[in-house]
Amino acid sequence: MTTMTIGTLPTFVHIREVGPRDGLQNEPTILTTAQKITLIELLAATGLRAIEVGAFVRPQQVPQMADTEAVFAGIKRQPGVVYSAIAPNVIGARRAIAAGADVVQVFLSASESHNRSNVNMSIEQSLVQVAEMATLVHAAGKPFDAVLSVAFGCPFEGDVPIERVLDLCQRLLDLGAEQLTLGDTTGMAHPLLVQEVVRAFRARFPRQPLRLHLHSARGAGLANLLAALQLGVDLFDSSIGGIGGCPFAPGAPGNLCTEDVTHLLHEMGIATGLNLPALMATARELERMLGHEVPGQTIKAGICKHLRDRGEG
């Protein structure tokens, strides 16, 4: 029987904001370039030190990301903030480099079916692209990170073997990836599985930092976050307002919500460096831009009084 492991919680958690990319890509309302720039600049003012600005993909496939070059050109960059972009292939990597992305995030899936649905290639074809992308990105003097989707389960194939996930991680590291992100792309993870995967990753790569990209599609996002925290994971992706998801997989809505995650971490005494009221104000501005409520709960319920008393609200 698998049991939960409860270790020492981290004292600081680093959040990468993915709302401008993973959030907006699943929204039927396409924000203007000016709105996207405003959103990113508001996010940078909250204390975030990593923001995923957009994706360099085919506009006909993801029209919400068609103006990513213009967004990069228009944002006023804050010192100390890393502005990254997603690229699925060599063409996308060239565009990301030309646009001035600080970090290029390459991505592929841990299942053949999702990889073909997401980028229209086999996993092996994606890895050939990743090798060429790594050469381009490193020649430009930039780091590249790797994101492995459906690492906790595939909507087309079901369970994904952990050994397959780890073997793909090894191949990505061999190609020069500086950081690895494991994605629960359609919210199929649960706390026991999260801990099983994290323990296996740590056993295989004891010195390699691990970032998790968790979704709340089935309501388990914060529980999975806690399970990872209990094993010392301190790098996470989240999306302002909890918007987003993968447009190429069924049942994929529901990113972790940045302000909900921040509120929970602050309640637990874990620092984030983020200004929670500023995040909530940004989420409300996002609602105005989109014309509908966002899934996040903290902007509806408010900040707990004891956090306000501690100066965290």
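Small disclaimer: the values here were computed from a predicted structure and weren't measured.

Draft legend 1. Expanded view of the pattern of salt bridges. All chains considered together, the criterion is met by 12 salt bridges. For Arg171, the salt bridge goes to Glu124, with nearest N and O atoms at 2.7 Å. One end of the pair, Arg171, is in helix H7 (residues 162-174); the other, Glu124, is in helix H6 (residues 123-139), with 47 residues separating them in the sequence. Exposure remark for Arg171: the relative accessible area of 37% places this residue in the partly exposed category. The salt bridge involving Arg288 is made with Glu285; its shortest N-O contact spans 2.9 Å. Of this pair, Arg288 and Glu285 both sit in helix H11 (residues 276-290), three residues apart, roughly one helical turn. What makes Arg288 exposed here is its relative accessible area of 58%. For Glu285, a relative accessible area of 25% translates into the label partly exposed. One continuous salt-bridge network, built from bridges that share partners, spans Arg16, Arg211 and Asp237.

Draft legend 2. Expanded view of the nonpolar core. Core analysis: the largest hydrophobic core is formed by 97 residues, its most contacted members being Tyr83, Phe152, Leu182, Leu212, Phe236 and Leu286. Excluding residues within four positions of it along the chain, Leu182 makes contact with Leu148, Ala151, Phe152, Val165, Cys169, Val197, Phe201, Leu210, Arg211, Leu212 and His213.

Draft legend 3. Quick look at the packing of helix H5 (residues 112-119) against H6. Following both chains from N to C, one finds H5 and H6 inclined at 60°, their axes separated by 9 Å at the closest point. As the angle between them shows, H5 and H6 are arranged oblique. Touching Glu112, Asn115, Arg116 and Val119 of H5 are Ile123, Gln125 and Ser126, all from H6.

Draft legend 4. How the structure looks around the side chain of Arg211. Examined against the element boundaries, Arg211 turns out to sit in strand S7 (residues 210-213). The class of Arg211 is buried, set by a relative accessible area of 7%. At 2.8 Å, the side chain of Arg211 forms a polar contact with the side chain of Gln179.

Draft legend 5. Highlighting the state of the cysteines. According to the stated counting rule, one finds zero disulfides in the structure shown. Of all cysteine sulfurs, the one in Cys257 lies closest to Cys304, which takes part in no disulfide; the gap is 14 Å. With relative accessibility at 29%, the residue Cys304 sits in the partly exposed group.

Conventions used here
- Residues numbered from 1 in each chain as written.
- Predicted model: local features only at pLDDT ≥ 70, side-chain atom pairs only at ≥ 80, totals over all residues.
- Heavy atoms only, no water.
- Salt bridge = Lys/Arg side-chain N within 4 Å of Asp/Glu carboxyl O.
- Helix = DSSP H or I, 4+ residues; strand = E, 2+ residues; numbered from the N terminus.
- Buried < 20%, exposed > 50% of the residue type's maximum accessible area, 1.4 Å probe, protein only.
- Core = buried A, V, L, I, M, F, W, Y, C linked by side-chain atoms within 4.5 Å.
- Contact = heavy atoms within 4.5 Å.
- Axes fitted to C-alpha atoms, helices over the stretch in contact; angles between N-to-C directions.
- Parallel < 35°, antiparallel > 145°, perpendicular 65-115°, else oblique.
- Polar contact = N/O pair within 3.5 Å; in protein donor to acceptor, adjacent residues only side chain to side chain.
- Disulfide = S-S within 2.5 Å.

Any functional reading would require information that these geometric values do not contain.
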